[in-house]
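Structure assessment
So you can see what is in the structure, the chains are spelled out below.
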Amino acid sequence: MGAGLAQTGGETAPAVPVEPTLTPLPPPSLNFYGNAGLMDMPSAEMLPDGQFSTGIAYFGGQTRYNLTFQAVPWMSATFRYNAIQDWNLGGFSTYYDRSFDVRFRLFRERRYFPEVTLGLQDFVGTGVYAGEYIVATKTFATPGWGARAGQGGTLKLTGGLGWGRLGSHGGSGGGGDRPSFNPGDTGGEVSYDQWFRGPFAPFAGIEWRPNDRLGLKLEYSSDDYVTETQITSVFEKRSPFNFGVEYQASERTRIGAYYMYGSELGVNLQVQLNPKQPPTLMRVPAPAPVAKRPSRSANPEAWSTAWTQGRSAPLQLRDVLDPILRADGLVLESLTVGADAAELRFRNLQYMSYANAVGRAARAMARAMPASVETFRLVPLSGGMALSATTIRRSDLEALEFDGDATDALLAVTAFSDAPPQAAAAVPAGDLYPNFSWALTPYFSPSYFDPDRPFRIDVGAALRGTWQPAPGWTISGNIRQRIAGNVKDGRESNSVLPHVRTDQVEYAQYDTTLNNLFVAKQWRPGRDLYARATAGYLETMYGGLSGELLWKPVSSPLALGVEANYVKKRDFDQLFGFQDYDVFTGHATAYYEFGGGFLGQLAVGRYLAGDVGATISLDRFFENGWSVGAFATKTDVSSEDFGEGSFDKGIRFRIPVGWFLGKPSRQAFGTTIRPIQRDGGQMVHVPGRLYGQVREAHRNALTDQWARVWE
């Protein structure tokens, strides 16, 4: 960053010695449910903000696969997939189930008071593990044992009250009746009518960490495992006490072994990732220093505007600027130069952060533009559309590069606005269009939660080609060749609705497929407006026509969009034919940025099965390109017709490739995980939807990442 060196009288000041910092103790460990806790019981601790954790736990014939996200410092959410062996309820030899948890911190730990958390366990599902709790945890420092010099240990005491499953051992009192678990329930409904009802029971535990590697646990469990031990014979419960030992194998991995309920051995593997802590430091070549102009008095000729009289001057400046930009992963689209101002329109091919791209573009302009050019207007493009305009004074760049408060100071004098129409005097790049590019990459197509096999996947190679005949126009196609996989062996659909998504097995029967082939046009119809039209084979299952219009002011947290589609269902072989099913579908969508990287969306409209309803979602975006979110859709399809799960819902995440590789890249990978794929509440997948392209170059995203303008 620009504030990395201090200068005094033109000399670099000596570095100030920095005190060595102690490695902090690892974050709270996870219990068998994927939450911060002991073994089966929760604790009141919260994970570090933004932590994304996954784990596999097993004991007594029960396997639990957990995903936990610390959405904000005071709230976390967990998705879980369970497999219970020899549980012969409802005709299942192995019973599979999906569930969600949510936890809220009520009070933060202080010197004399514990941390207090309220939790809802399996609150949307069949209720196999349904329970509620309120729990307190207090941490004490203890002498270290085998710890590094100067680092002691910790002792954590936990106690709480549980309801539902967590109130089944030693339970008493309670208000109202609580429904018992029904193995034939399709789940999916929020069971708020049973929260904190029925008997409640105490639970408690101790965790001692003598050093930053080792952890010893003891807990008293309030879960009696009635169904697993008294109605069926999954395992034998002899004691409410559990014992465990855990080892921090690496910064992100923790493993544990346990003796559970006086009869069973258990294991737990925990992997914790944090978007704010990449595994590899980002290796980005340092930007060139801001080229400073000579003073006007010392060299008045350098400030002369006589160069503007030559007709070839803009072309010459373009040819100087273009290679500088390309060296930084930016592509010059057009350049407009006046006596004291210049506008650069460019594409960002390298940086996940547009603030990073704007900073590099501004430095390039400072190197290439004549001294008289004081104002830089930087306009990033996506698919031919101008996304925004960032206006920076050159003198501010020169003055603030080594300022101790460079980031905030530059932000205070930078303007963000809608990009004006391109000037007639703009000099375009001479060799960008038509442009053809291609890539051969691996692909992975997963399928989740088939009761016969919970995880299936197809892998193969994808050949993608893209031709851009002119700005805003794209013709693209993707051919896939499956090499291996077992998605085709999954269960056939039993849906009573039109099979708009549940025919995945039928589509997986073919090895060579045309994944998509489409032509798209993007343009700016007016101020704050963005438009798209797409036609062709849009995705694996559907082809047709799609149109979209988005209103999004650069500095507004609110955006409104409307999309309309006419699509037909493609043949199972995914070549050029269609089936006899077509539908008009579309949505009106409101987007709102709440700050702190949180984006909410509400879409209302008609879905692929002809059902009408709404989808609500909330995503958190991190400045390095990570995103994690959840969504739910409710339509006029009844829970009975929808089938298992009652309504569509799921979680999604996106991880930038550069986070792993340690070098800048615009590429990312991710997936959407639904508890179960059904046909209600399903949208068509259209390539190049507008909001994601536009948002990341607008004011809120730029200011959230503004520190990167100096990188």
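Overview of the structure.

Conventions adopted
- Residues numbered from 1 in each chain as written.
- Predicted model: local features only at pLDDT ≥ 70, side-chain atom pairs only at ≥ 80, totals over all residues.
- Heavy atoms only, no water.
- Helix = DSSP H or I, 4+ residues; strand = E, 2+ residues; numbered from the N terminus.
- Buried < 20%, exposed > 50% of the residue type's maximum accessible area, 1.4 Å probe, protein only.
- Contact = heavy atoms within 4.5 Å.
- Lys, Arg positive; Asp, Glu negative; His and termini not counted.
- Charge placed at Lys NZ, Arg CZ, Asp CG, Glu CD.
- Axes fitted to C-alpha atoms, helices over the stretch in contact; angles between N-to-C directions.
- Parallel < 35°, antiparallel > 145°, perpendicular 65-115°, else oblique.
- Left-handed = near helix turned anticlockwise from the far one by under 90°.
- Nonpolar A, V, L, I, M, F, W, Y, C, P; charged D, E, K, R; others polar.
- Salt bridge = Lys/Arg side-chain N within 4 Å of Asp/Glu carboxyl O.
- Expected span 1.5 Å × (residues − 1).
- Polar contact = N/O pair within 3.5 Å; in protein donor to acceptor, adjacent residues only side chain to side chain.
- Pairing = 2+ DSSP bridges.

**Some words on the overall build of the protein chain**
Scanning the protein chain for helices and strands turns up 10 helices and 34 strands. Burial analysis of the protein chain (711 residues in total) assigns 51% to the buried set. Counting contacts in the protein chain only where the partners sit at least 6 residues apart, residues at least 24 apart contribute 60% of the total. Positive and negative side-chain charges in the protein chain, numbering 67 and 71 respectively, have mean positions lying 5 Å apart.

**Some remarks on the packing of helix H2 (residues 313–327) against helix H3 (residues 354–368)**
At a minimum axis separation of 9 Å, H2 and H3 run at an interaxial angle of 140°. Looking at the two axes, H2 sits oblique to H3. Crossing angle aside, the handedness with which H2 passes H3 is right-handed. Along the contact surface, H2 presents Leu317, Val320, Leu321, Ile324 and Leu325, while H3 presents Ala361, Ala364, Met365, Arg367 and Ala368. Residues that form the contact of H2 with H3 fall into these classes: nine nonpolar, no polar and one charged.

**A closer look at the pattern of salt bridges**
In the structure shown here, the tally under the stated rule is 40 salt bridges. Where Glu45 meets Lys156, a salt bridge forms, and the shortest distance between an N and an O atom there is 2.6 Å. Placement of Glu45 in the loop between strand S2 (11–12) and strand S3 (52–59) and of Lys156 in strand S9 (residues 153–164) is noted, with a sequence separation of 111 residues between them. With its nearest N and O atoms 2.9 Å apart, the salt bridge here joins Arg532 to Glu548. One end of the pair, Arg532, is in strand S26 (residues 529–537); the other, Glu548, is in strand S27 (residues 542–551), and 16 residues separate them in sequence. There is no split in this pair, since Arg532 and Glu548 are both buried. Overlapping salt bridges bring together Arg532, Glu548, Glu563 and Arg689 as one network.

**Examining H3**
Its 15 residues place the ends of H3 21 Å apart at the C-alpha level, agreeing with the 21 Å of an ideal helix rising 1.5 Å per residue. Buried residues dominate H3, accounting for 14 of its 15 residues. If you check the start of H3, you find a side-chain oxygen 3.2 Å away from the backbone N of Ala355, and it comes from Ser353.

**Regarding the side chain of Thr502**
Of note, Thr502 is situated in the loop between strand S24 (473–485) and helix H6 (504–507). Among the polar contacts made by the side chain of Thr502, one reaches the side chain of Ser493 at a distance of 2.7 Å. Beyond its immediate sequence surroundings of up to four residues, Thr502 is in contact with Ser493, Ser495, Gln677, Arg678 and Asp679.

**Section: the sheet that holds strand S8 (residues 131–142)**
One closed barrel holds the 12 strands; their spatial order is S3-S4-S5-S6-S7-S8-S9-S10-S11-S12-S13-S14, and the pairing between them is antiparallel. Strand-to-strand twist across the sheet, computed as the mean angle between neighbouring axes with direction ignored, equals 20°. Two strands pair when backbone bridges link them, and strand S6 (residues 94–107) and strand S7 (residues 115–121) are joined in this way by five bridges, in the antiparallel orientation. Note that in S7 the partner of Phe104 across the bridge is Leu118.

**Structural notes on the side chain of Ser99**
Note on placement: Ser99 falls in strand S6. What makes Ser99 buried here is its relative accessible area of 0%. Filtering out sequence-adjacent residues up to four positions away, Ser99 remains in contact with Thr78, Phe79, Arg80, Asn82, Asp122 and Val124.

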